[in-house]
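What the coordinates show
For reference, the chains in residue letters:
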Amino acid sequence: MKKFILIIFIAITGLVGAAKAQHALFSQYMFNTYLINPGVAGINDQIEASVGYRNQWVYFEGAPKTIYASIHSPLNKKGPRYNKKDKPYHALGGYIFSDKYGPIQEFGANVSYTYHMSFTQKIKASFGMYGGVRQYIFNKNEMTTFIENDPRVSSLKNELSLDGGFGSWIYSDNVYLGISGNDLLSFSGFAFNNYYLTSGYRHRINRDLEVIPSFLLKATHAAPFQVDINAKLRLYNMYWAGLSYRTNKSVVVLAGLKLKEMLAIGYSYDIPWMHVEKFRAASHEIFVTYYFGKPGVRCPEFW
C-alpha cells in the first residue's frame, strides 16, 4: 500500500480526533532532558548543542519520524559548583523539530529562559519556561478512504498554533527531581498537554564505574499513563550502556560514548516485546551532542 490508511479512526471517531498527537517520543531523553524540561538549560558551564533522529516502528508505513536540533547555555558560563552556594544566574536555549506521523507533518520552534539558584551549598534548583510556534500540515494526498471525497477529509486544514510550557529541576551531586509541562498554550486540535515527572540517583560503585537508576512518569489525554524505569552504567566517565522498561510493554537498549569532554554519541533500540511482530515494530534513535567550553560540575543525569 502506498497510502497511509486511517479508515478505522474515520469510521469510529472522525479523523480530527484521531490525529491529535502527543509530544514527540524520545527514548534517550536522559541525555538531553532539555527536550522535555526547559529547567535544565544552562545546568553546566558549557554551551550544549544536540541533533537527533528517531525512526519509530521502522517497517510500518506512515510510522512517526522525528528530527530535532537543540542548544542551550548559561549566560555567564558559570554552572553549579558543589560545596559552595552559587549566586543566581540565567540561561537561554532553543529547540527546533520536525515530526511526521501518517498524513500529518509537524514543525516547531521554541526559545526558553531559565533561572538558576542555590537552596544550600549542595542543593541547587532551576526554573524555566519556553514559548514558540507549531505548524501542522495535513497531507490529504496520503489518505485513502472508503468514501470518495469524504467531507471529513476535505474539511481538514493546516494549522499554526502557539506552543509553551514550563520546567523545574532540583538536584545535588547525586540526586535529581524534575517536573515539567509541554504543549500548554496550544489551541490546535492536533495537540494535547503533556506532563512529566522524573527522578534519579547516582551510585558510585568505584572511581571508574557508576550506576544511575531513574524513572519517568508521563501523563497526557492522548494516551494511557506511561512509566519508564531506567538503569544506565557509566564507565571511565566515557562509555555508557543501559536498559529501559516502558509500561507500553517495550524494552529499550541504550549505548554510547563521550570523547574528550566535547563530543557525545548515543544510540537506542526499542523493542515492543509483547507485540506479535515485535522486530517489525522496533524503533531506532540516535543523537550527537557537542559541548563548547570547559566542562563544569553538574547533576548526576548529565556528564
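Scope of this entry: the structure provided in the associated data block. Since this is a predicted model, take the numbers as computed values, not measurements. (Residues numbered from 1 in each chain as written. Predicted model: local features only at pLDDT ≥ 70, side-chain atom pairs only at ≥ 80, totals over all residues. Heavy atoms only, no water.)

Remarks on the overall build of the protein chain
Stated formally: Put simply, DSSP marks the helices as runs of H or I at least four residues long and the strands as runs of E at least two long, and each gets a number from the N terminus on. We call two residues contacting when some pair of their heavy atoms lies within 4.5 Å. Every accessible area reported is derived by Shrake-Rupley at a probe size of 1.4 Å, with residue values counting cover from the shown protein chains alone.
When its secondary structure is counted, the protein chain shows three helices and 17 strands. When contacts within the protein chain are restricted to residue pairs at least 6 apart in sequence, those whose partners lie at least 24 apart make up 59%. For the protein chain, the accessible area works out to roughly 14,700 Å², and carbon and sulfur atoms hold 67% of it.

Focus on the side chain of Asn 110
Quick note on the threshold: Polar contact is the term for a pair of N or O atoms within 3.5 Å; when the atoms are in protein, one must be able to donate a hydrogen and the other to accept it, and sequence-neighboring residues count only if both atoms are side-chain atoms.
Of note, Asn 110 is situated in strand S5 (residues 104-118). Separated by 3.5 Å, the side chains of Asn 110 and Asp 163 make a polar contact. Those residues in contact with Asn 110, other than ones at most four positions away along the chain, are Gly 93, Gly 94, Tyr 95, Tyr 130, Gly 131, Gly 132, Val 133 and Asp 163.

Examining the environment of Arg 234
Here is the rule: Accessible area is worked out with a 1.4 Å probe on protein chains only. A residue is then buried under 20% of its type maximum, exposed over 50%, and partly exposed in between.
As for its position among the elements, Arg 234 is in strand S13 (residues 223-235). A relative accessible area of 3% means that Arg 234 is categorised as buried. For the pair Arg 234 and Leu 257, spaced 23 residues apart in sequence, the C-alpha to C-alpha distance is 9.2 Å. A distance of 2.6 Å separates a polar atom in the side chain of Arg 234 from a polar atom in the side chain of Glu 210.

Description of the environment of Ile 271
One can find Ile 271 in strand S16 (residues 263-271). As for Ile 271 and Ser 250, which are separated by 21 residues in sequence, their C-alpha atoms are 5.4 Å apart.

Focus on the pattern of salt bridges
Operational definition: Should a side-chain nitrogen of Lys or Arg be within 4 Å of a carboxyl oxygen of Asp or Glu, the pair is scored as a salt bridge.
One pass over the structure, following the stated rule, counts ten salt bridges. Among the ionic pairs, Glu 210 bridges to Arg 204, the shortest N-O distance being 3.9 Å. A salt bridge links Asp 228 to Arg 246, with the nearest nitrogen and oxygen atoms 3.1 Å apart. Taken together, the residues Asp 228 in strand S13 and Arg 246 in strand S14 (residues 239-246) connect sequence positions 18 residues apart. Residues joined by salt bridges that share partners form a network here, namely Arg 54, Asp 228, Arg 246, Asp 270 and Glu 285.

Structural notes on the side chain of Ser 168
Among the structural elements, Ser 168 can be located in strand S8 (residues 159-171). Here Ser 168 falls in the buried class, since its relative accessible area comes to 16%. Apart from residues lying up to four places away in sequence, Ser 168 is in contact with Asn 37, Ser 126, Phe 127, Leu 177, Gly 178 and Ile 179.

Some thoughts on the pairing of S16
Operational definition: Each pair of strands is called paired provided DSSP finds at least two bridges between the two strands.
Of the strand pairs in this sheet, strand S15 (residues 250-259) and S16 are connected by nine bridges, and their pairing is antiparallel. Within S16, the position partnered with Leu 259 by the bridge is Leu 263. As consecutive antiparallel partners, S15 and S16 are separated by three residues, and within that stretch Lys 260 has a phi angle of approximately 55°, a positive value. Pairing of S16 with strand S17 (residues 283-292) involves eight bridges; the strand directions are antiparallel. Among the inter-strand pairings, Tyr 267 is bridged to a residue of S17, identified as Ile 286.

Observations regarding the nonpolar core
What counts, and what does not: The nonpolar core is taken to be a set of buried Ala, Val, Leu, Ile, Met, Phe, Trp, Tyr and Cys residues, with the residues joined through side-chain atoms within 4.5 Å.
By size, the foremost hydrophobic cluster in this structure holds 25 residues, and its most contacted members are Phe 31, Tyr 68, Tyr 95, Trp 169 and Phe 287. Elements that contribute at least two residues to this core include exactly strand S4 (89-101), S8, S15 and S17. Looking at this core, the element that brings in the most residues is S4, giving three residues.

Here's the deal with unusual backbone geometry
Phi at Asn 237 is positive, roughly 55°, even though this residue is not glycine. When you line up the elements, Asn 237 lands in the loop between S13 and S14. Taking relative accessible area as the criterion, Asn 237 reaches 42% and is therefore assigned partly exposed. In this structure, Glu 261 takes a positive phi of about 55° despite not being glycine. With respect to the helices and strands, the residue Glu 261 is situated in the loop between S15 and S16.

Things to note about the packing of aromatic side chains
Stated formally: Think of it this way: a Phe, Tyr or Trp ring, Trp meaning its six-membered ring, pairs with another when their centres are within 6.5 Å, and the plane angle makes it stacked under 30 degrees, edge-to-face over 60, tilted otherwise.
A full pass over the atoms with the stated rule returns eight aromatic pairs. When the centroid spacing of 6.3 Å and the interplanar angle of 70° are considered together, the rings of Tyr 68 and Tyr 95 count as edge-to-face. Here the residue Tyr 68 occupies a position in strand S3 (residues 65-74), and Tyr 95 occupies one in strand S4, the gap between them amounting to 27 residues. Neither Tyr 68 nor Tyr 95 differs from the other in exposure class; each is buried. The interplanar angle of 5° and the centroid separation of 6.2 Å between the aromatic rings of Trp 240 and Phe 287 together place this pair among those described as stacked. One end of the pair, Trp 240, is in strand S14; the other, Phe 287, is in strand S17, and 47 residues separate them in sequence. Here Trp 240 matches Phe 287 in class, with each residue buried.

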